[in-house]
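# Structure assessment
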Amino acid sequence: MSTDKILFDRVSKTFPVRAHRRGSAGAVTALDQVTLGVRPGEFLVVVGPSGCGKSTLLDLLGGLTRPTAGQVLVDGRPVTGPGLDRGIVFQQYALLPWRTAAGNVAFGLEAKGVPRAERADLIGYHLDLVGLRGFADRYPHELSGGMKQRVAIARSLAYDPDVLLMDEPFAALDAQTRDSLQDELVRIWARTGKTIVFITHGIDEAVHLGQRVAVLTSRPGRLKQVIDIDLGDRDAVEDVRSTDAFRHHRHEIWTLLRDEVRAAQAAEGTGVRHPEEARVG
Ligand SMILES: Nc1ncnc2c1ncn2[C@@H]1O[C@H](COP(=O)(O)OP(=O)(O)OP(=O)(O)O)[C@@H](O)[C@H]1O
């Protein structure tokens, strides 16, 4: 019996592609035979070249789409659709603009049928958790990008999912806000004990957040390598990003991704710099 909280069991996903003017209809294989387990309470980050299937992997786990082959298991049970056991935070905040911060956090609680009296406590607790005490009555257009993403995180945590799925949640934020939200997320993860699966393009972000980092190959996405991240005692240093351990892991992942980008270029035969190369460089 597996002790994994989440298991991608030989998961493949193929999308049909419409016919071009003179070509015939075909299919694009986004993921090919991915097997990957996530332990209970683990923070797993997934990185890979652009278009390698990272979002597809998360959508499968969120139950937003179904695998073509293989299965995705949560607590040993196949995922058959979305569920309140899995909270999702997307890159775009996806807040309801007509609801305040508190109203947005209330949304998932209402969906779960939490009684009104309990809701207020949970909303206050979670806005506090993401550092937004005092902003409960603000509407999304009155909040900065970082604050909106904090509300989205609070909303996802408030209905107490076992698993938090995050698809490049900080990609649209400026570097400073991103850094501080990364620190906060690590703190929130330590405090809540949630299992987190986090997708990113950013190598630094992956090293900073992940206990393990799964590197995918270029399309079709296959599992290339899983790296254990060991940064020692994070609290013992002022800037964990400047430590030798951080640099070592950054280089390790950078090398894996660079090889993938090169392989993708060779396959395409374009010689054009892949946008991702700039990002991993
Ligand atoms: N609904 C769909 N229909 C057809 N093709 C799709 C669909 N969704 C994704 N794809 C294709 O599957 C592949 C993987 O897409 P996906 O968005 O999962 O990659 P990604 O790694 O998240 O990309 P990026 O890093 O650029 O966000 C891409 O080639 C994409 O064009």
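Summary of the structure given here. (Residues numbered from 1 in each chain as written. Predicted model: local features only at pLDDT ≥ 70, side-chain atom pairs only at ≥ 80, totals over all residues.)

Attention now goes to the pairing of strand 10 (residues 223-228). Across five bridges, the pairing between strand 9 (residues 212-216) and strand 10 is antiparallel. Pairing of Leu-216 across the sheet is with Leu-223, part of strand 10. Linking two consecutive strands that pair antiparallel, namely strand 9 and strand 10, is a turn of six residues. (Pairing = 2+ DSSP bridges. Helix = DSSP H or I, 4+ residues; strand = E, 2+ residues; numbered from the N terminus.)

Here we come to the sheet that holds strand 1 (residues 6-17). The four strands lie next to each other as 2-1-4-5, forming an open sheet whose pairing is antiparallel. Single-partner strands in this sheet number two, and they are strand 2 (26-38) and strand 5 (77-78).

A few words on the nonpolar core. With 69 residues, the main nonpolar core has Val-46, Val-47, Leu-61, Val-105, Ala-154, Val-197 and Ile-253 as its most contacted residues. Apart from residues lying up to four places away in sequence, Ala-154 is in contact with Val-105, His-126, Leu-127, Leu-129, Val-130 and Leu-132. (Core = buried A, V, L, I, M, F, W, Y, C linked by C-beta atoms within 7 Å. Buried ≥ 20, exposed ≤ 12 C-beta atoms within 10 Å, placed from the backbone. Contact = placed C-beta atoms within 7 Å.)

A word on the site of the ligand. Lining the immediate surroundings of the ligand are 13 residues, of which Phe-15, Ala-30, Lys-54, Ser-55 and Thr-56 lie closest. Among the elements of the structure, strand 2 and helix 1 (54-62) are those that each provide at least two residues to the shell around the ligand. Top element by residues in the shell around the ligand is helix 1. It accounts for three residues. Here the shell around the ligand is composed, by residue class, of four nonpolar, seven polar and two charged. (Near = placed C-beta within 6 Å. Nonpolar A, V, L, I, M, F, W, Y, C, P; charged D, E, K, R; others polar.)

Right, let's get into the sheet that holds strand 3 (residues 43-47). Read from one edge to the other, the open sheet built from six strands follows the order 6-7-8-3-9-10, with strand pairing classed as mixed. Looking along the sheet, the strands with just one partner apiece sit at the ends: strand 6 (86-89) and strand 10. The average angle at which neighbouring strand axes cross in this sheet is 15°, direction not considered. Two elements, strand 6 and strand 7 (residues 163-167), share four bridges in a ladder whose sense is parallel. (Axes fitted to C-alpha atoms, helices over the stretch in contact; angles between N-to-C directions.)

Below, the discussion takes up the packing of helix 3 (residues 116-129) against helix 4 (residues 145-158). It is at 9 Å that the axes of helix 3 and helix 4 come closest, and there the two elements cross at 135°. The angle between helix 3 and helix 4 falls in the class oblique. Helix-helix and strand crossings are classified by hand; for helix 3 and helix 4 the assignment is right-handed. Note on element contacts: helix 4 touches helix 3 through Ala-154, Leu-157 and Ala-158, opposite Leu-122, Ile-123, His-126, Leu-127 and Leu-129. By residue class, the composition of the contact of helix 3 with helix 4 is seven nonpolar, one polar and no charged. (Parallel < 35°, antiparallel > 145°, perpendicular 65-115°, else oblique. Left-handed = near helix turned anticlockwise from the far one by under 90°.)

At a closest axis distance of 11 Å, the pairing of helix 4 and helix 5 (residues 175-192) adopts a crossing angle of 15°. Overall, the two elements helix 4 and helix 5 adopt an arrangement that is roughly parallel. Two packed elements cross with a definite hand, and for helix 4 against helix 5 that hand is right-handed. Contact residues: helix 4 offers Gly-145, Gly-146, Gln-149 and Leu-157, while helix 5 offers Thr-177, Leu-181 and Thr-192. Of the residues contributing to the contact of helix 4 with helix 5, the split by class is two nonpolar, five polar and no charged.

In this section: the pairing of strand 9. In terms of residue burial, strand 9 counts as a mostly covered element, since four of its five residues are buried. Where strand 3 lies against strand 9, four bridges are found, and the strand directions are parallel. Note that in strand 9 the partner of Val-45 across the bridge is Val-213.

What follows is about unusual backbone geometry. For residues other than glycine, phi is negative in most cases, and the peptide bonds are mostly trans. Of note, the bond from Arg-219 into Pro-220 is cis; its omega dihedral lies within 30 degrees of zero at 0°. In this fold, Pro-220 is placed in the loop between strand 9 and strand 10. At Arg-10, a position not held by glycine, the phi torsion is positive, near 45°. By secondary structure assignment, the location of Arg-10 is in strand 1. A positive phi angle is found at Glu-168, which is not glycine, with a value near 45°. Here Glu-168 shows up in the loop between strand 7 and helix 5. Overall, the presence of 19 C-beta atoms within 10 Å leaves Glu-168 in the partly exposed class.

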